[in-house]
Amino acid sequence: MGCPTSRPLVDLARTLADHHGIDTHAAAVDTVRVHVDEIRDDPELWDTATRTLTPAGVEVITRAVNASHSVGAVATRAAQMLVELEEVTGEIDRLTARRDELVRQAMRTELRRDDIAEAAGVTPARLYQIRDGRR
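Novice: In this structure, what is going on with the overall build of the protein chain? I would like to understand it.
Specialist: Of the regular secondary structure elements, the protein chain holds six helices and two strands. Shown N-terminal to C-terminal, the secondary structure of the protein chain runs as helices and strands in the order α-α-β-β-α-α-α-α. Considering only contacts in the protein chain between residues 6 or more positions apart, those separated by 24 or more positions represent 43%. Looking at the protein chain as shown, the accessible area adds up to about 9,200 Å², and 55% of this sits on carbon and sulfur atoms.

Novice: Sorry, what's going on with unusual backbone geometry here?
Specialist: One can expect most non-glycine residues to show negative phi and most peptide bonds to be in trans. With phi around 55 degrees, Arg-51 is a residue other than glycine that occupies positive phi space. Positionally, Arg-51 belongs in the loop between strand 1 (46-47) and strand 2 (52-53).

Novice: What's the story with the pattern of salt bridges in this structure? I'm lost.
Specialist: Between side chains of opposite charge, pairing is possible as soon as their charged atoms come close. Going through the model one piece at a time under the given rule, you end up with nine salt bridges. The shortest N-O distance in the salt bridge between Arg-63 and Glu-59 comes to 3.1 Å. On the criterion of helical spacing, the pair formed by Arg-63 and Glu-59 is a turn pair, its members being four residues apart in helix 3 (residues 55-70). Ionic pairing is found between Arg-94 and Glu-91, a salt bridge with its closest N-O pair at 2.8 Å. Pair noted here: Arg-94 and Glu-91 are both in helix 4 (residues 76-107), with a separation of three residues, about one helical turn. Owing to a relative accessible area of 36%, Glu-91 belongs among the partly exposed residues under this scheme. Within this structure, Arg-131, Asp-132 and Arg-134 form a network of salt bridges that share partners.

Novice: When you look at the packing of aromatic side chains in this model, what are you seeing that I'm missing?
Specialist: Two aromatic rings, taken as a pair, are described by how far apart their centres are and by the angle between their planes. Overall, the coordinates contain zero aromatic pairs when judged by the stated rule. The aromatic ring of Trp-46 is capped on one face by Arg-40, whose charged end is 5.0 Å from the ring centroid.

Novice: Is there a simple way to explain the packing of helix 1 (residues 7-20) against helix 2 (residues 25-39) in this structure?
Specialist: Helix-helix packing: each pair is described by the crossing angle between the helix axes and the interaxial distance. Following both chains from N to C, one finds helix 1 and helix 2 inclined at 115 degrees, their axes separated by 8 Å at the closest point. Helix 2 is crossed by helix 1, and the crossing has right-handed handedness. Taken together, the residues of helix 2 that come into contact with helix 1 (itself represented by Leu-9, Val-10, Leu-12, Ala-13, Arg-14, Leu-16 and Ala-17) are His-25, Ala-28, Val-29, Val-32 and Val-36. Tallied by class, the residues present in the contact of helix 1 with helix 2 amount to 10 nonpolar, one polar and one charged.

Rules used in this analysis
- Residues numbered from 1 in each chain as written.
- Predicted model: local features only at pLDDT ≥ 70, side-chain atom pairs only at ≥ 80, totals over all residues.
- Heavy atoms only, no water.
- Helix = DSSP H or I, 4+ residues; strand = E, 2+ residues; numbered from the N terminus.
- Contact = heavy atoms within 4.5 Å.
- Areas by Shrake-Rupley, 256 points an atom, 1.4 Å probe, with all protein chains shown as cover.
- Salt bridge = Lys/Arg side-chain N within 4 Å of Asp/Glu carboxyl O.
- Buried < 20%, exposed > 50% of the residue type's maximum accessible area, 1.4 Å probe, protein only.
- Phe/Tyr/Trp six-rings, centres within 6.5 Å; stacked < 30°, edge-to-face > 60°.
- Lys NZ or Arg CZ within 6 Å of the ring centre and 35° of its normal.
- Axes fitted to C-alpha atoms, helices over the stretch in contact; angles between N-to-C directions.
- Left-handed = near helix turned anticlockwise from the far one by under 90°.
- Nonpolar A, V, L, I, M, F, W, Y, C, P; charged D, E, K, R; others polar.

Written as structure tokens, this is what we have:
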């Protein structure tokens, strides 16, 4: 049974998104819903008549989200995205280093600078920065 999206839940999601730098409101609402689903059987935390969190429920969810963010414990798919992002970034760094080395080699040949720049996907001015080892 999914959690409704009441105004207090939306407000809590907005507060958590602002506090933790969660980029989309939908992701923050999903975070709140997951936590509400975990506590909705506790009448001290969830008011079944109004279908809203009690003040104690808001506090429990806020503390849970704060704790999980403080140690980097986020949803499994989100954590997988971070790992994948780190891997892709590492690969980009390796490929950029390889591209830069090829640019340096090409610049020591008779190739036209414009052709090297086009093949490398950079401006001709950038070639000299690469040659000189500047990022």
